[in-house]
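Close look at the chain arrangement
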Amino acid sequence: MILYKTNEEVELMQISALLVSDTLAEVAKMIKPGITTLQIDKLANEYILDHGAVPSFYNYNDFPFHIITSVNDVVVHGFPSDYELVDGDIISVDVGTIKNGFHGDHAYTFIIGEVSPEILKLVKTTKDSLFVGIKEAVVGKRLGDIGYAIQNYNEKEGYGVVRDLVGHGLGRDMHEDPQVPNYGRKGTGMLLKENLVMAIEPMINMGKKEVFLDDDGWTIRTVDGSPSVHFEHDVCVKKGEALILSNYAPIEAAEKKNINLNTSYY
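Residues numbered from 1 in each chain as written. Predicted model: local features only at pLDDT ≥ 70, side-chain atom pairs only at ≥ 80, totals over all residues. Heavy atoms only, no water.

What about the pattern of salt bridges?
Evaluation of the coordinates by the stated rule reveals 12 salt bridges. Residue Glu176 is joined to Lys5 by a salt bridge in which the shortest nitrogen-to-oxygen separation is 3.0 Å. Residue Glu176 is located in strand E8 (residues 176-180), and its partner Lys5 is located in the segment before helix H1 (7-30); the two are separated by 171 residues in the primary sequence. Glu176 gets classed as buried once you look at its relative accessible area, which sits at 9%. Residue Lys127 pairs with Glu252 through a salt bridge whose shortest N-O separation is 2.7 Å. Linking Lys127 in helix H3 (residues 117-134) with Glu252 in helix H5 (residues 249-257), this pair joins segments that are 125 residues apart in sequence. Owing to a relative accessible area of 6%, Lys127 belongs among the buried residues under this scheme. Here the residues in one salt-bridge network are Asp73, Asp214 and Arg221, joined through shared partners. (Salt bridge = Lys/Arg side-chain N within 4 Å of Asp/Glu carboxyl O. Helix = DSSP H or I, 4+ residues; strand = E, 2+ residues; numbered from the N terminus. Buried < 20%, exposed > 50% of the residue type's maximum accessible area, 1.4 Å probe, protein only.)

Digging into the pairing of E8
Looking along a regular strand, one sees side chains alternate from face to face of the sheet. Relative to E8, strand E7 (residues 167-169) is paired through three bridges, and the arrangement is antiparallel. Paired with Gly169 across the bridge in E8 is Glu176. Following E7, the chain reverses through six residues before pairing antiparallel with E8. (Pairing = 2+ DSSP bridges.)

A few points about the sheet that holds strand E9 (residues 197-200)
The strand order across the open sheet formed by five strands is E8-E7-E9-E14-E15, and the pairing between neighbours is antiparallel. Two strands lie at the open edges of the sheet, namely E8 and strand E15 (243-244), each paired on one side alone. Seen against the sheet, H3 touches E9, strand E14 (233-236) and E15 and runs at an angle of roughly 10° to E14. (Contact = heavy atoms within 4.5 Å. Axes fitted to C-alpha atoms, helices over the stretch in contact; angles between N-to-C directions.)

Here's the deal with the packing of aromatic side chains
Here the structure, examined in full by the defined rule, presents 10 aromatic pairs. Consider the rings of Tyr108 and Phe110, whose centres lie 5.0 Å apart with planes at 45°: the pair is tilted. Each member of the pair, Tyr108 together with Phe110, is buried. Between Tyr108 and Tyr248 the ring centres are 4.9 Å apart and the planes differ by 90°, which places this aromatic pair in the edge-to-face class. Of the two residues, Tyr108 is situated in strand E5 (residues 102-111) and Tyr248 in the loop between E15 and H5; the sequence distance between them amounts to 140 residues. (Phe/Tyr/Trp six-rings, centres within 6.5 Å; stacked < 30°, edge-to-face > 60°.)

This is the structure in structure tokens:
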């Protein structure tokens, strides 16, 4: 069942989404070589709680952590741990919050120090493809238009577009209908109507598109060990132009000030 939001509900959802953005900006300020992903989890949890919300992910289907930290070949659902980040890592940090009864949920991939030009290109292409997909999230388009746009943008660069994991509707539940694939055909799928809120989230591999589930029952990795990049925004369908509820600007500002992060793909 598709749950369209009222304008008032969209405003409440934007509060939750922007709290996620601000949390990711805090992560961008402190992330560096030598920090553990468990330390990032602790910081994010404390920041969310201090701002009158709770983490969406904690205990969701028994997920044991507050955020998701996916390093290098981990596509999504990586567990925070004692792993210390090193120069050359890439890490997707995925954060969810619940405030005023509504979820915010989005992700950002950070580059630690120096990486190859190939990885820089993968990060830039994946991030750009998110906005290519968002342009299709307008009244009168179809769901397949979003997936086609993301798929085409990445596959023309030779990247693997993950099929086993998709974006989703968002609201009082973290995962609502519809599913939002990063692949598809133009003009297919459900008709997009105003105030449908979705988490659009390209998950793009440098190598093959196939993935596998790790022994912990959560972590999803690339089958060939190639790096994977994940970006995600919360988006509300509107006439003419989609409304992006989350905001990368504070994350990017903090990222640029952190000498340990590589922003040369901008």
